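# Commentary on secondary and tertiary structure
Read off the chains here:
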Amino acid sequence: MIQAVVADDEVLARQKLRQLLRDEPEIEIVGECASANETVELVRLTKPALLFLDIRMPGMDGFDVVGAIASESVPMPAIVFTTAYDQYALRAFEVHAVDYLLKPFTGERLSSAIQRVRERLAAGENSALPNGKARDGSGYTTRIVFKSRGRILFLPVSEIRWIGAEENYVRLSTERETHLLRETMAHLEERLDPQTFLRVHRSFIVNLQFVKEVRTEHDGESAVIMLDGQRIAMSRSYKSRILESLHR
């Protein structure tokens, strides 16, 4: 059983969520609250595994609530934000929210969020803290949140096979699709764990988990060959840096 707290200053919103949760037998609501201070106090008292949290609340906003909970000596619950505003999705990523539900959401969408919660709880979620940093203090990101084709996506970086620069954008390539994100390669490289993601060219970063080999072509140029056979250009300057790092 997953114990949950519902925090929303609108009575009707709490009622609607409670009704939808009746179809989720694993979820037990252990408390409801209508303000930020009540939310922090209720989480401290009940120590729920899951917190459905509205963003705009009296006293503090939802992000302040997460910060206040983090300062308490209680386990941080999995956070599912519920809001009518889509502009906070990126900040939701920064506090490592499990999901971001835009009101009005359907029972199907809620079920999808709860499945994410189950997966996180089942895994123990020892890899990240509420601020989005790894527990080992590395600070590298584990998910990238962005809008794509009318959706707000929470993309685990482990699913990214390679990243390519396209003018003022970067293209994130996964197994089945690619996404354009308005971001710079330099900033993205800083956020990614260099033990997993390697810059091989001014315009390319590869996920080493999906690399098959580095090959020298007939013209003397090098290329990274991915597991699916795709060829990614490797520049000489980046190859020399990689070789230097291997010989340290």
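Computed from a predicted structure; not experimentally measured. (Residues numbered from 1 in each chain as written. Predicted model: local features only at pLDDT ≥ 70, side-chain atom pairs only at ≥ 80, totals over all residues. Heavy atoms only, no water.)

Glancing now at the packing of aromatic side chains. According to the stated counting rule, one finds five aromatic pairs in the structure shown. Between F63 and F81 the ring centres are 5.1 Å apart and the planes differ by 45°, which places this aromatic pair in the tilted class. Of this pair, F63 sits in helix α3 (residues 62–71) while F81 is found in strand β4 (residues 78–83), placing the two residues 18 residues apart along the sequence. Classification of F81 by relative accessible area gives buried; the value is 0%. (Phe/Tyr/Trp six-rings, centres within 6.5 Å; stacked < 30°, edge-to-face > 60°. Helix = DSSP H or I, 4+ residues; strand = E, 2+ residues; numbered from the N terminus. Buried < 20%, exposed > 50% of the residue type's maximum accessible area, 1.4 Å probe, protein only.)

Let us look at the pattern of salt bridges. Should their charged atoms come close, side chains of opposite charge can pair. As enumerated under the stated definition, the model contains 16 salt bridges in all. Linking E26 and R118 is a salt bridge whose minimum nitrogen-to-oxygen distance equals 3.1 Å. One end of the pair, E26, is in the loop between α1 (11–21) and β2 (27–33); the other, R118, is in helix α5 (residues 107–123), and 92 residues separate them in sequence. Two residues, E41 and R44, come together in a salt bridge whose shortest N-O distance is 2.6 Å. In this pair, E41 and R44 are both assigned in helix α2 (residues 36–46), three residues apart and thus about one turn of the helix distant. Because the salt bridges share partners, they merge into one network encompassing D8, D54 and K103. (Salt bridge = Lys/Arg side-chain N within 4 Å of Asp/Glu carboxyl O.)

Another point: the confidence of the model for the chain. The predicted model of the chain averages 85 in pLDDT, with 89% of residues at 70 or higher. Least confident of the elements in the chain is helix α7 (residues 236–246), whose mean pLDDT is 70; most confident is strand β3 (residues 50–54), at 96. Overall, residues 125–138 carries pLDDT values under 50, and its contacts beyond four positions in sequence, including any with other chains, amount to 28 contacts. (pLDDT = per-residue confidence, 0-100. Contact = heavy atoms within 4.5 Å.)

On to the sheet that holds strand β11 (residues 197–201). Here we have five strands laid out as an open sheet, ordered β10-β9-β8-β12-β11, and antiparallel in their pairing. Only two strands of the sheet have a single neighbouring strand rather than two, namely β10 (178–181) and β11. The mean inter-strand angle of the sheet, taken between neighbouring strand axes irrespective of direction, is 25°. In this sheet, strand β9 (residues 169–173) lies alongside strand β8 (residues 162–166) in antiparallel orientation, the contact comprising five bridges. Residue pairing across strands places G164 opposite R171, the latter belonging to β9. (Pairing = 2+ DSSP bridges. Axes fitted to C-alpha atoms, helices over the stretch in contact; angles between N-to-C directions.)

Another aspect to go through is unusual backbone geometry. The amide bond that connects K103 to the next residue, P104, takes the cis arrangement and shows omega of -10°. Looking at the element boundaries, P104 is found in the loop between β5 (99–102) and α5. With a phi close to 50°, K47 is a non-glycine residue in the positive phi region. Note that K47 resides in the loop between α2 and β3. A relative accessible area of 46% places K47 in the partly exposed class. Of note in the backbone geometry, E167 takes a positive phi value of approximately 55° without being a glycine. Along the chain, the position of E167 falls in the loop between β8 and β9.

Side chains of a nonpolar character, in soluble globular proteins, are inclined to be buried together. Of all hydrophobic cores here, the largest spans 29 residues; its most connected members are L51, L53, I69, F81 and Y100. Counting residues per element, the ones that place at least two in this core are β1 (2–7), α2, β3, α3, β4, α4 (89–94) and β7 (151–156). Considering every element that reaches this core, the biggest residue donor is α3, with five residues. Residue-level mapping places this core at the junction of two domains, with at least three residues from each of domain 1 (2–132) and domain 2 (143–246). Non-local contacts of L51, meaning those with residues more than four positions away in its chain, are made with V5, A7, T39, V43, I69, P77, A78, I79 and V80. Counting residues in hydrophobic clusters, the runner-up holds 18 residues, among them I2, L20, A78 and L101. (Core = buried A, V, L, I, M, F, W, Y, C linked by side-chain atoms within 4.5 Å. Domains from an automatic or database assignment.)

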